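A closer look at the structure
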Amino acid sequence: MPTIKLPDGKNLIFSKKITGLEIAEKISKSLSKQALVMSVDDQLKDLSHLIENDCSIKIFTSKDSEGLETIRHDTAHILAMAVQELFPGTQVTIGPVIENGFYYDFARKEPFTQEDLNKIENKMKEIVDRNEPTFREVWKRNKAISHFKDKGEIYKAEIIEGIPKEEKVSIYFHGEWNDLCRGPHLPSTGKVGKFFKLTKVSGAYWRGDSKNEMLQRIYGTSWSTQKDLDNYLKRIEEAEKRDHRKLGKEMNLFHFREESPGSVFWHEKGWILFQKLIDYMRAKQKKAGYKEINTPEILDRSLWEKSGHWEKFGEHMYTSKTPDEKIFAIKPMNCPGCVEVFKQGLKSYRDLPLKISEFGKVHRYEPSGALHGLLRVRAFTQDDAHIFCTQEQVEKGRMDLVVRQPVPELRPRHLDRTKDSGLVVPEMVRDLIANSQRQTCGEHDHRVTPPERSRYWRLRLLGVHCQLRAVQGNRPTGHQAPATHRTLVAPPLRGRTGPEVDRLPRLASCSISR
């Protein structure tokens with residue numbers, strides 16, 4: 001006799017095993033018609049899932065995010081069904097839900113065309129009208145592998161071979177068509193509705209590896225109402241009008257060519273804008289005390305091995321072997337070159353902190369399918385900077401990188417309130433303070449510790465006038481800020497000795513790179 005706990009706290013007692021759909025019918029007829037999927041003890045399940053034990057459940061409809069995600073998951077399956085009905089011999093691979101939609105990867109020799117997408121959409125609507133029943137079966141691993149190999153689905157068989165032996169193999173049927181899937185799914189294809197649209201086709205490597213076969217990926221979007229679908233398509237249409245790749249050509253700013261994928265061909269007007277941006281940044285950096293340098297774009301392999309880039313990043317670097325058998329690489333990062341400049345000549349502690357900046361041209365290999373206009377490229381100018389400083393200067397250097405203007409001048413959307421102290425600070429700084437609060441000292445430590453001084457200086461740099469003071473017992477507190485400030489209260493500080501407010505904390509790190 002399972003007892004079912006509902007979200008409102010009510011309990012329903014049943015004399016036998018029961019499905020999610022039967023529970024929905026018990027609650028109300030209208031809910032049973034709208035129900036799509038359910039959660040059992042916070043785990044999503046089909047409505048056909050049989051409940052035997054006491055549990056908490058929640059029924060989801062198309063108005064819930066869980067319901068909409070399941071609609072999109074089923075739409076991906078219906079896409080695969082339609083493709084295989086229209087184009088026999090096409091292999092299906094994977095078809096996950098993504099933001100605002102779904103995609104499915106197919107192995108097919110002939111490329112899909114826009115005309116094909118229209119045919120596929122119509123076939124999908126036919127499948128929805130057929131209202132094919134959906135059900136789940138659990139198979140033994142070997143049976144599942146043989147089944148898909150016999151169908152010529154080598155990709156599905158490969159996926160199953162990678163599943164741990166102790167894990168169940170879940171197969172979902174929509175009518176006679178079936179697919180490897182964990183679920184959950186809707187009760188039938190008719191529950192999906194016809195509020196979907198196939199948007200585009202692109203290439204994708206099997207398992208995301210460029211060494212594997214190239215597949216064809218069909219993207220689509222799916223919604224619970226026609227209004228939601230129309231609104232989404234309208235947003236996409238407006239976004240395409242403002243696509244920077246399109247505007248770059250129309251405004252004669254830049255363009256791209258297949259002869260140099262991922263690299264920008266700047267036109268005169270675009271290059272003027274680029275240089276204006278560099279001038280603005282250069283002025284800001286000069287005011288902040290940065291010294292600009294420029295380092296070679298091609299460096300010997302030995303330097304990249306020394307820096308660790310060759311081992312960790314070597315496959316993404318462009319390399320070349322010269323006639324004298326030396327191997328060079330075009331720099332993907334500016335760091336090693338900057339360090340070489342710092343190492344040149346003698347440096348005194350009086351020279352620190354030393355701020356070095358560079359507008360360095362770097363090159364990194366990106367898969368062709370990942371390239372996207374100016375947003376994902378293979379060649380770009382990196383505004384790079386390194387700060388060389390002493391341990392004592394690290395904390396102030398960190399805060400200078402985060403806090404560029406007084407707290408009162410920060411806009412409201414950049415502010416947040418700490419949970420305990422009421423201190424209003426930028427989010428990044430709040431996180432730093434929270435981290436320092438987690439650093440504690442022993443109860444019998446009779447001195448002000450570096451974590452405490454660290455917290456003190458973080459608050460001082462934010463304009464919070466707090467003090468460290470001697471107290472008795474294990475629960476000392478900070479000093480409240482003057483009334484002229486907002487209610488800014490320093491976090492609790494531990495320690496038992498008098499004020500030590502004039503020294504920066506010593507930390508382990510000796511340099512900062514942004």
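Below, the structure is looked at part by part. (Residues numbered from 1 in each chain as written. Predicted model: local features only at pLDDT ≥ 70, side-chain atom pairs only at ≥ 80, totals over all residues. Heavy atoms only, no water.)

**Considerations on the overall build of the protein**
A count of helical and extended segments in the protein gives 15 helices and 26 strands. Residue burial in the protein is summarised as follows: out of 514 residues, 40% are buried. Nonlocal contacts in the protein, meaning residues at least 24 apart in sequence, comprise 63% of its contacts between residues at least 6 apart. Carbon and sulfur atoms make up 50% of the accessible area of the protein, which amounts to about 30300 Å² in all. (Helix = DSSP H or I, 4+ residues; strand = E, 2+ residues; numbered from the N terminus. Buried < 20%, exposed > 50% of the residue type's maximum accessible area, 1.4 Å probe, protein only. Contact = heavy atoms within 4.5 Å. Areas by Shrake-Rupley, 256 points an atom, 1.4 Å probe, with all protein chains shown as cover.)

**Topic: helix α5 (residues 141–150)**
For α5, every residue scored as buried is listed here: R141, A144, I145 and F148. Axial view of α5: buried residues confined to an arc of 100°, hence all on one face. Opposite the buried face of α5, at more than 90 degrees from it, the exposed residues are N142 and D150. Close packing links the buried residues of α5 with β11 (134–139), α6 (154–161), β12 (169–174) and β13 (177–180). G152, located one to two residues past α5, shows a positive phi value of around 85°. (Arc of directions from axis to C-beta.)

**Some words on the packing of aromatic side chains**
Evaluation of the coordinates by the stated rule reveals 14 aromatic pairs. Ring geometry for W271 and F274: centres 4.8 Å apart, planes at 5°, overall stacked. Within this pair, W271 and its partner F274 are both found in helix α9 (residues 268–287), separated by 3 residues, close to a single helical turn. Overall, the relative accessible area of 40% leaves W271 in the partly exposed class. (Phe/Tyr/Trp six-rings, centres within 6.5 Å; stacked < 30°, edge-to-face > 60°.)

**Overview of the packing of helix α3 (residues 65–86) against helix α4 (residues 114–130)**
Contact geometry of α3 with α4 gives a least axis separation of 9 Å together with a crossing angle of 115°. By the angle between their directions, the pair α3 and α4 is classed as roughly perpendicular. The way α3 lies across α4 gives a crossing that is right-handed. Residues T75, I78, L79, M81, A82, V83, E85 and L86 of α3 pack against K119, I120, K123, M124, I127, V128 and R130 of α4. Considered class by class, the residues forming the contact of α3 with α4 number 10 nonpolar, 1 polar and 4 charged. (Axes fitted to C-alpha atoms, helices over the stretch in contact; angles between N-to-C directions. Parallel < 35°, antiparallel > 145°, perpendicular 65-115°, else oblique. Left-handed = near helix turned anticlockwise from the far one by under 90°. Nonpolar A, V, L, I, M, F, W, Y, C, P; charged D, E, K, R; others polar.)

**Comments concerning the sheet that holds strand β5 (residues 43–45)**
Strand order in the open sheet formed by 5 strands is β2-β1-β7-β4-β5, and the pairing between neighbours is mixed. Whereas interior strands pair on both sides, the edge strands pair on one side only; in this sheet they are β2 (11–13) and β5. Averaged over all pairs of adjacent strands, the angle between their axes in this sheet comes to 35°, without regard to strand direction. With 4 bridges joining them, strand β4 (residues 37–40) and strand β7 (residues 55–60) adopt antiparallel strand pairing. Paired with V40 across the strands is I57, a residue of β7. In the packing of α3 onto the sheet, contacts are made with β4, β5 and β7, and the angle to β4 comes to roughly 120°. (Pairing = 2+ DSSP bridges.)

**Some remarks on the nonpolar core**
Counting residues in each nonpolar core, the largest one holds 26 residues, and the members touching the most others are L79, V83, F106, I120, M124, L198 and I218. Of the residues forming this core, the biggest block, 8 residues, is contributed by α3. Sequence-distant contacts of I120, defined by excluding residues within four places in its chain, comprise L79, A82, V83, L86, F87, F112, L198 and I218. Membership of the second largest hydrophobic core comes to 16 residues, among which are I4, L12, L47 and C55. (Core = buried A, V, L, I, M, F, W, Y, C linked by side-chain atoms within 4.5 Å.)

**Looking at the pairing of strand β22 (residues 354–363)**
The element β22 is extensively covered by neighbouring structure, given that 8 of its 10 residues are classed as buried. Here strand β18 (residues 291–292) runs beside β22; their pairing, made up of 2 bridges, is parallel. Each residue of the ladder has a partner; that of E292, found in β22, is S357. Where β22 and strand β23 (residues 379–388) come together, 10 bridges link them in antiparallel fashion. For G360, the partnering residue across the bridge sits in β23 and is Q382.

**A look at unusual backbone geometry**
Residue P184 is reached from G183 by a cis peptide bond, and omega for that bond is 0°. Within the element layout of this structure, P184 appears in the loop between β13 and β14 (196–205). Even without being glycine, N131 reaches a positive phi, approximately 50°. Position of N131 among the secondary structure elements: in the loop between α4 and β11.

**Remarks on the pattern of salt bridges**
In the structure shown here, the tally under the stated rule is 25 salt bridges. Residues K123 and E85 are paired through a salt bridge, measuring 3.8 Å at the closest nitrogen-oxygen approach. Here the residue K123 occupies a position in helix α4, and E85 occupies one in helix α3, the gap between them amounting to 38 residues. With relative accessibility at 17%, the residue K123 sits in the buried group. Taking relative accessible area as the criterion, E85 reaches 35% and is therefore assigned partly exposed. E292 is paired through a salt bridge with R282; the nearest N and O atoms lie 2.6 Å apart. (Salt bridge = Lys/Arg side-chain N within 4 Å of Asp/Glu carboxyl O.)

**A short note on the environment of F342**
Residue placement: F342 occurs in helix α12 (residues 335–343). For the pair F342 and L354, spaced 12 residues apart in the sequence, the C-alpha separation amounts to 9.0 Å. Not counting residues up to four positions away in its chain, the partners in contact with F342 are K347, L354 and F388.

**Thoughts on the environment of S348**
Looking at the element boundaries, S348 is found in the loop between α12 and β22. The exposure class assigned to S348 is partly exposed, which follows from its relative accessible area of 27%. Here the side chain of S348 touches R350 through a polar contact of 3.1 Å, landing on its backbone nitrogen. (Polar contact = N/O pair within 3.5 Å; in protein donor to acceptor, adjacent residues only side chain to side chain.)

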